[in-house]
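A look at the structure
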Amino acid sequence: MRKNLSGGERRNLVDKLLERYAADVWKAVLRRHDDALEAEEAFLQVFVVAILKLTRPEAVILSDGFIQSCIEQVESSSIPHRLLEGPIEDEVVPIEEFVRKTASDGDPSADGTSDGAIEGDDGAGGDPESDEAEQVQIPVSLLSRTVQVMRANIAMQEAMRHHRGPTWARVGVVALAIVGVGAAIYGGSSELASYMHPKLPQSSSKQSQGPNLPRDVGDLPVTQAAIYQLPKGENVDLDHVAIDEGDVYFGVLQEPANSWPRISVYHHSFAMGSSLRVEDGNAYSFELVPPTARTGSTDDASWSIAQWSISAMRQWLVTVVTWTDQGPGQDQIVQIYAMNRSNGKYSIVDTIAPEKGVSNRAVVAVGDGEIAVQRGLSTVAGEAPLGLPIQLYSLSGTDPLRALTYEKSIPASFGLMQSPIVISNGLMFQGIAGKDTTSDNNTAVWYSLSQDGSLNRYYGPPVDGQAHWAVEGVSGSLWWVETTPDSSDNEEMQLLMAPLATTKASVAADNLNTPIDAFGVSGSYLAWVERVGGGSDLVIARVQ
């Protein structure tokens, strides 16, 4: 007999687990947690652990020892996560009534197939205080959310198992994201020859060394790393810049009418006082492959690029592209491309597409040697989406087809991250999608999530409608950064930053004291353009 359960078998056990154990688990978490909110999160975590670790022999018996081991696993970890809002105030029902209702409603995530049911003990050897257990009342919203998260985790585990290669080189988890075979492998048929005989960037540079031109950085806790003089008329797009140790990369999106879009990335080494023309740098190029239409046709005209980014990660360049379907569904598909800078090879390393009952939203963060992917599931309009576990990957070797390597998962029952960045021991993000992100003193609420699952809350920048960024300094300090219109010139901005605080104490922001025309963030680096005399300079500085 196979020890592992199939996805269909696990789905059939969702209601059975709740009926058998919900009352006992609810009483156990209430005994441990005085805070009702923490008790609710612990309840959900126990059932996610249970449905994923359940084996066939355990499913037949459903012993008290099994669920107790799940409770102990949750209690010994850094979870449960603490949410923003208060505990659920909702109708409460006996668990048996809820299970009968959900069973009659059916499983919205099921695909109409089943791998069979597990027959066995319904728990006759369970809690001897069964009469008391039947009287336990649990909020309906908590039970519904637990069912949704359990089913989504089953489907995600199933998809990962089916599509996991020996080195996790996956093109996607659903057929709807299929792209042309040759194009998907190495960025398009026109690029196949360049993979076999890649044209590597030339090492020579057209930059000429100029004088050391340090700039006044005001009160900012930064160290200048590079300064470039921009020729008249030279514009730099700091929304699409990647900065690594000693190098800066500028991304340029090109969308010709008669061919697929392309992102060109121009490399320049750090310098002090050099003249910089972006397109004079050594060039790398990604040819982008639009997803095919959902109907299965090869017409890609309905897909457009909603947003894109570039990142430099050790010897790799990573491009994340979000496509939007202009059809009635307005679906989004995210592609992750990786190029090895030493040989010029590149490929789509992951495609994140909607999957019914599993996910219909996704966020990606790249940095500090890792790629973080979180899928989310919006189930009801106006409600916060469910957050699935965050998957962490690295890139290894030199061949992009086999480079994506799974590292670990981080539980994320709190929800879906907003604007995440990778930091040295996890992630930092600007709130949770669909949830109140304003503290009682009108500052944004941001979070850091460690790789062991610890969720920490921070009081961030003022909620003032301005653009904000999260930055980790080289010392490990966490900062918020803001650009705000300069009072003396509507075309220029002021640059502010302050440390993220774990208390409500107000911290005065540091100021650059120099108006700027453009701004961008990459890892621990800040980049801005300031006017100097009759021209402009690009300044790159690193946060300490």
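Remember, predicted model here, so these are calculated numbers, not experimental data. (Residues numbered from 1 in each chain as written. Predicted model: local features only at pLDDT ≥ 70, side-chain atom pairs only at ≥ 80, totals over all residues. Heavy atoms only, no water.)

A count of helices and strands for the chain gives 9 helices and 28 strands. Across the 544 residues of the chain, 53% fall into the buried class. A separation threshold of at least 6 residues defines the contact pool for the chain, and within that pool the share at least 24 residues apart is 59%. A total of about 23,800 Å² of accessible surface is found on the chain, and carbon and sulfur atoms cover 48% of it. (Helix = DSSP H or I, 4+ residues; strand = E, 2+ residues; numbered from the N terminus. Buried < 20%, exposed > 50% of the residue type's maximum accessible area, 1.4 Å probe, protein only. Contact = heavy atoms within 4.5 Å. Areas by Shrake-Rupley, 256 points an atom, 1.4 Å probe, with all protein chains shown as cover.)

This part takes up unusual backbone geometry. Phi is positive for R314, close to 55°, though the residue is something other than glycine. Along the chain, the position of R314 falls in the loop between β9 (303-313) and β10 (316-325). Not every positive phi belongs to a glycine, and S419 is a case in point at roughly 50°. Counting through the fold element by element, S419 comes out in the loop between β17 (404-410) and β18 (421-423).

Let us look at the sheet that holds strand β7 (residues 272-275). Taken together, the 5 strands give an open sheet; going across it, the order is β7-β3-β28-β27-β26, and neighbouring strands pair in mixed fashion. This sheet does not close on itself; its edge strands, each paired only once, are β7 and β26 (518-522). Here the strands of the sheet are splayed against their neighbours by 25° on average, with no regard to which way each runs. Across 8 bridges, strand β27 (residues 525-532) lies against strand β28 (residues 535-543) in antiparallel orientation. Pairing of Y525 across the sheet is with R542, part of β28. (Pairing = 2+ DSSP bridges. Axes fitted to C-alpha atoms, helices over the stretch in contact; angles between N-to-C directions.)

The next thing to look at is the pattern of salt bridges. Two side chains of opposite charge can pair, provided their charged atoms sit close to one another. Scanning the entire structure with this criterion turns up 12 salt bridges. We note a salt bridge from D517 to R531, for which the minimum N-O separation is 3.0 Å. Remark: R531 occurs in strand β27 and D517 occurs in the loop between β25 (510-511) and β26; sequence separation between them is 14 residues. On the basis of relative accessibility, which here comes to 28%, the residue D517 falls in the partly exposed class. Overlapping salt bridges, with partners in common, bring together R20, D24 and D64 in one network. (Salt bridge = Lys/Arg side-chain N within 4 Å of Asp/Glu carboxyl O.)

So, about the nonpolar core. Formed by 35 residues in total, the largest nonpolar core has its most connected members in L17, V25, F43 and F47. Excluding residues that lie within four positions of it along the chain, L17 makes contacts with A22, F47, A50, I51, L54, L62, F66 and M150. Within the second largest apolar cluster, 22 residues are counted, among which are Y249, Y284, W303 and A353. (Core = buried A, V, L, I, M, F, W, Y, C linked by side-chain atoms within 4.5 Å.)

This part is about helix α4 (residues 64-76). The end-to-end C-alpha distance of α4, which contains 13 residues, comes to 18 Å, matching closely the 18 Å that a straight helix rising 1.5 Å per residue would cover. Residues of α4 that are buried: F66, I67, C70, I71 and V74. Projection of α4 onto a plane perpendicular to its axis shows the buried side chains occupying an angular sector of 135°, all on one side. Packing partners of the buried residues in α4 comprise α1 (7-32), α2 (36-53) and α3 (56-61). (Expected span 1.5 Å × (residues − 1). Arc of directions from axis to C-beta.)

Between the first and last C-alpha of α1 there are merely 32 Å, a value that for 26 residues lags more than 12% behind the 38 Å anticipated at 1.5 Å per step. A bend of about 55° at Y21 is the largest found in α1. Counting buried residues in α1 gives 21 out of 26 residues, a clear majority hidden from the surface. (Bend = angle between axes of the 7 residues up to and from the residue.)

So, about the packing of aromatic side chains. Tallied over the full model, the rule gives 10 aromatic pairs. Look at F270 and Y525: their rings are 5.9 Å apart centre to centre, the planes differ by 75°, and that puts the pair in the edge-to-face class. Remark: Y525 occurs in strand β27 and F270 occurs in the loop between β6 (262-269) and β7; sequence separation between them is 255 residues. Of the residues examined, F270 reaches a relative accessible area of 22% and is grouped as partly exposed. (Phe/Tyr/Trp six-rings, centres within 6.5 Å; stacked < 30°, edge-to-face > 60°.)

Here we take up the environment of Q391. By the secondary structure assignment, Q391 is in strand β16 (residues 390-395). When its relative accessible area of 4% is taken as the criterion, Q391 is described as buried. A sequence separation of 19 residues divides Q391 from I410, and the C-alpha atoms of the two residues are 6.7 Å apart. At 2.9 Å, the side chain of Q391 forms a polar contact with the side chain of S409. (Polar contact = N/O pair within 3.5 Å; in protein donor to acceptor, adjacent residues only side chain to side chain.)

If you trace the backbone, Y447 turns up in strand β20 (residues 443-450). In sequence terms Y447 and Y458 are 11 residues apart; their C-alpha atoms lie 5.7 Å from each other.

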